[in-house]
Amino acid sequence: MSVLNHIRPGHLLPYLPLYGSRYRVMPTRYGFVYGGMLLALLVGSINHNNNLGYLLTFFLGGLFFVSSFFTWRNLTGITVKGQDAKPVFAGQLCRVFFTVDAPATSKYGIHVTLDPIHGQTIDIDQGYKTGVTLYHPTEKRGYLRVQFIDLSTTFPFGLIQLQSRRAEELKCLVFPKPVSAPLQREYNNGSEPGDFRQEQKGRGDFTGLDPYLPGDSLKRIHWKGFAGGKGFHTKRFEENETASTIFSLQDLPGNDLELKLSQLTYMVLSASADEVKYGLRLGEFHIPPNRGQAHQNECLKALALYS
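Report follows, based on the coordinates. The shown structure was predicted, so the numbers you read here are calculated from the model rather than taken from an experiment. (Residues numbered from 1 in each chain as written. Predicted model: local features only at pLDDT ≥ 70, side-chain atom pairs only at ≥ 80, totals over all residues. Heavy atoms only, no water.)

### Considering unusual backbone geometry
We apply this condition: Every helix listed is a DSSP run of H or I at least four residues long, and every strand listed is a run of E at least two residues long, numbered separately from the N terminus.
Omega for the peptide link from F155 to P156 comes to 10°, which places this bond in the cis form. Locating P156 in the fold gives a position in the loop between β9 (142-153) and β10 (160-175). The backbone of N49 shows a phi angle near 50°, a positive value even though the residue is not glycine. Topologically, N49 is positioned in the loop between α1 (29-48) and α2 (51-75). Phi at E275 takes a positive value of approximately 60°, unusual for a residue other than glycine. Here E275 shows up in the loop between α5 (257-273) and β15 (278-282).

### A closer look at the sheet that holds strand β5 (residues 93-101)
The cut-off we apply is this: By this definition, two strands are paired if DSSP reports at least two bridges between them. Lines fitted to C-alpha atoms define the axes here, with helix axes fitted over just the stretch in contact, and angles between the N-to-C directions of these axes take values from 0 to 180 degrees.
With antiparallel pairing, three strands are arranged side by side in an open sheet as β3-β5-β8. Both edges of this open sheet fall to β3 (79-82) and β8 (130-137), since each of them pairs with a single strand only. Across the sheet, the mean angle from the axis of one strand to that of its neighbour is 35°, orientation sign disregarded. Where β5 lies against β8, eight bridges are found, and the strand directions are antiparallel. When the bridges of β8 are listed, T99 appears paired with G131.

### Comments concerning helix α6 (residues 293-305)
For clarity, the cut-off: Expected span, for any helix, means 1.5 Å times one less than how many residues it has. Per-residue accessibility, obtained with a 1.4 Å probe over protein chains only, is compared with the maximum for each type, and a residue is labelled buried under 20%, exposed over 50%, and partly exposed between these values.
In a regular helix each residue adds 1.5 Å, so 13 residues correspond to 18 Å; α6 covers 18 Å between its end C-alpha atoms and thus fits that length. Listed as buried for α6 are H295, Q296, C299, L300, A302, L303 and A304.

### Some words on the pairing of strand β14 (residues 245-248)
Filter applied, for reference: Handedness rule for crossovers: strands pointing away from the viewer, path from the first strand over the helix to the second running clockwise, crossover right-handed.
Taking every second residue as pointing to the same face, both faces of β14 are buried, with T245 and F247 on one and I246 and S248 on the other. In this sheet, β15 lies alongside β14 in parallel orientation, the contact comprising four bridges. Across the sheet, I246 pairs through a bridge with G279, a residue of β15. Read from β14 through α5 to β15, the crossover connection turns out right-handed.

So this is what it looks like as structure tokens:
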């Protein structure tokens with residue numbers, strides 16, 4: 001469904017500065033009906049010179065302005081603090097975590113969003129921080145910059161919507177979307193072509209245990225030792241350096257750069273899943289062969305930011 005189908009006329013209005021913040025006000029559907037009713041009452045009271053009609057019209061009109069004041073009060077005094085999002089692949093939703101706080105008074109029916117489609121409505125208790133996770137669509141690799149967050153409310157009567165835009169400086173690293181492709185790679189130290197899994201069978205003999213480090217493969221954890229209360233350790237094997245491979249951008253056919261980067265992403269993920277020792281070559285930029293989660297993240301980041 002097109003984003004345009006989710007955009008209401010209020011999203012086209014400009015933000016106006018007020019008390020150091022930027023606000024945008026727009027009557028809701030109920031507000032338009034309410035205003036039409038007031039206009040009809042006023043016309044009827046004038047035609048019939050009805051004093052009670054005047055009284056009802058001005059009373060309801062005053063109620064509208066009082067409601068507007070409380071709507072504005074419900075949106076002021078809110079502090080927002082966000083965190084950089086974890087990396088995702090292009091096409092996935094970027095998850096951004098925010099902490100929302102209202103030190104002075106409780107707030108009700110606050111709608112928080114990053115775009116017209118994805119958002120959440122929350123209540124904020126006075127003095128308590130409320131966590132909210134918002135989503136933003138991703139389309140291309142690189143850094144997705146989150147430069148603002150929108151807060152809006154129709155509290156208390158739903159007659160007008162007041163929206164406030166808060167500046168943010170957050171980012172999310174977007175990796176290329178993996179695209180399946182034949183494994184094209186260079187071979188390190190004179191090794192011969194072969195299947196990744198076959199290469200891994202000749203990894204070497206078990207030589208001992210090492211303390212577990214973040215990013216080590218779960219397949220190498222010594223589970224028997226952990227069950228015996230000896231803590232986390234990983235198995236160490238004699239490395240076969242000739243089994244390492246290098247994925248190279250220039251070896252892939254075609255002229256579509258984005259497609260080739262997506263194919264390299266697929267190769268990196270496949271090699272990582274099979275615990276193959278691999279490297280990456282992007283033009284003059286080179287990452288030497290290695291394995292592990294940290295190495296995978298380094299390669300994916302290089303593919304995301306390559307230009």
